[in-house]
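Here is what each chain is made of, one letter per residue.
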Amino acid sequence: MERETLSKYSWIDFTFSLIGVCTFLADWGSDVWVATEFYSRGKLFWFGVLVGLMALSSVVVQMFSWFWLKYDRELPGFETPTGAGAVLLFGDRVKLSCLLHVLQLGFLCRHISAIRQGFRVWWRNKEGSEYAVYLTHDLSMLRLIETFCESAPQLTLMIYVLLSTNKARTVQIVSVAASTTSIAWMVVDYHRSLRSFLPDKAQQAWGSSFIYFLWNLLLIAPRIATLALFCAVLPGYIALHFLLLWAAFVLWAWWQGTEFMDSVGGEWLYRATVGLIWYFSWFNVVEGQTRVRSFIYHFFTTVDGVILLTTWWWHRDPVQTEELALALLIALPLTHLLGLLLKVLYYTYFHPKLWRPPAMERRPPDDRPDAEVTFRALSIQDDKLSSQLFNKRMACHATNFYSEKWTTRNTPNTNGDEFSHL
């Protein structure tokens, strides 16, 4: 099979990089503002929780960024004047890069590097598009990690505070809705980044991404709301609940045999992060039997959600929750169920591997479907690309996401492909 090529770095990629750094700075500023508000009002406990979440998220993201920089330094040509080390801000200076990561500035440097390289490629039409794509892929994964390490727990905390005070201003409700939407959007951004590792990326319509966004929103929103409701009635048990589920999820990730990082310590960091992500949303980590694992996960979290919601119902204050209790009890399970149905709908009709024009189905015999593409054989750019520029981290996740599970069903009239990745 001839080497496949991935799409070039475009103005859309550059725009996403700009939005990413603006979102990063705005999110950091809003976190500091909210923490200051808690502190000035004497709510030291919530101040401590918020600062703790900010610190945890920042440390985890910086650790991933540093691990990846260490791995990339071992690639051939990294330290050459035109290599990846020269493109990444201070990437060729080990001690300075280490200091920046210790100071929690490594993630910001990656954003700046992506914007700088993207500007050179897109605006000035210079070479090096593959480096811009490489940086963008890493940023997509780092933003996803930050989202579930910080944004999702903070949103749960925000809803809990609103429930505890029984007061909600319009701006707070809008903020909750915007934060929930932002989390689902980050998942979509990550998904579209994975899609760039497959041939025919242009065939993925925005309608497909919208359905993907919608079912993630409808699954993540009730999950976070249910956790906040449980925390509102039994705040002392939410930490125990998280630790028990997180430990079980980490062990499950270990049992599945993840191989995302290039070191033992890095792999356990990845598994711990996956456990945190699974506390809020599904995330595929290994290839094969995805439908079975997805079913197990959603069955488990559905049962867990029912238990949490039932606990809240029996321990709630009937007077304070009189207006919304019944509506929440009905709306949250229905929203979760609708999200599951949309997920099935997406993978049945809207998944990019299935959604192809009829002409593309009549491919040559040696043109294998996406599921059978060897990702290590793909190039990132322009029909020619040295192997060290291939982002194997994101390609690994693309393999996990897209390669399950094609089975060919032969009938007297047609040969059809059936895809069962859920």
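For the structure, check the block above.
Okay, so let's go over this structure. (Residues numbered from 1 in each chain as written. Predicted model: local features only at pLDDT ≥ 70, side-chain atom pairs only at ≥ 80, totals over all residues. Heavy atoms only, no water.)

## Examining the packing of aromatic side chains
For the structure on display, the rule yields 24 aromatic pairs. Seen in terms of ring centroids, Phe242 and Tyr279 are 5.0 Å apart; in terms of plane orientation they differ by 90 degrees. Their pairing is edge-to-face. Taken together, the residues span a long stretch of sequence, with Phe242 in helix 9 (residues 238-256) and Tyr279 in the loop between helix 10 (264-278) and helix 11 (290-315) at a distance of 37 residues. Residues Tyr279 and Phe280 carry aromatic rings whose centres are separated by 5.2 Å and whose planes lie at 90 degrees to one another, so their mutual orientation is edge-to-face. Each member of the pair Tyr279 and Phe280 is classed as buried. Grouping aromatic residues by their ring pairs yields a cluster made of Phe249, Trp252, Trp278, Trp282, Tyr297 and Phe300. Arg223 extends its terminal NZ or CZ atom over the ring of Tyr279, reaching a point 5.3 Å from the ring centre. It is Arg316 that lies over the ring of Trp313; its NZ or CZ is 3.9 Å from the centre. (Phe/Tyr/Trp six-rings, centres within 6.5 Å; stacked < 30°, edge-to-face > 60°. Helix = DSSP H or I, 4+ residues; strand = E, 2+ residues; numbered from the N terminus. Buried < 20%, exposed > 50% of the residue type's maximum accessible area, 1.4 Å probe, protein only. Lys NZ or Arg CZ within 6 Å of the ring centre and 35° of its normal.)

## Notes on the packing of helix 2 (residues 44-73) against helix 10
Look at helix 2 against helix 10: their axes get within 11 Å of each other, and the N-to-C directions meet at 145 degrees. Of the two elements, helix 2 crosses helix 10, and the hand of that crossing is left-handed. Across the interface between the two elements, Val60, Met63, Phe64, Phe67 and Tyr71 of helix 2 pack against Gly265, Gly266, Leu269, Tyr270 and Thr273 of helix 10. (Axes fitted to C-alpha atoms, helices over the stretch in contact; angles between N-to-C directions. Left-handed = near helix turned anticlockwise from the far one by under 90°. Contact = heavy atoms within 4.5 Å.)

## Some words on the packing of helix 9 against helix 11
In contact at an axis separation of 14 Å, helix 9 and helix 11 are set at 175 degrees when each is read in the N-to-C sense. Between helix 9 and helix 11, the crossing angle belongs to the class labelled roughly antiparallel. Of the residues in helix 11, those in contact with His241, Leu245, Phe249, Trp252 and Gln256 of helix 9 are Arg293, Ile296, Tyr297, Phe300, Asp304 and Leu308. Residue composition of the contact of helix 9 with helix 11, by class: 7 nonpolar, 2 polar and 2 charged. (Parallel < 35°, antiparallel > 145°, perpendicular 65-115°, else oblique. Nonpolar A, V, L, I, M, F, W, Y, C, P; charged D, E, K, R; others polar.)

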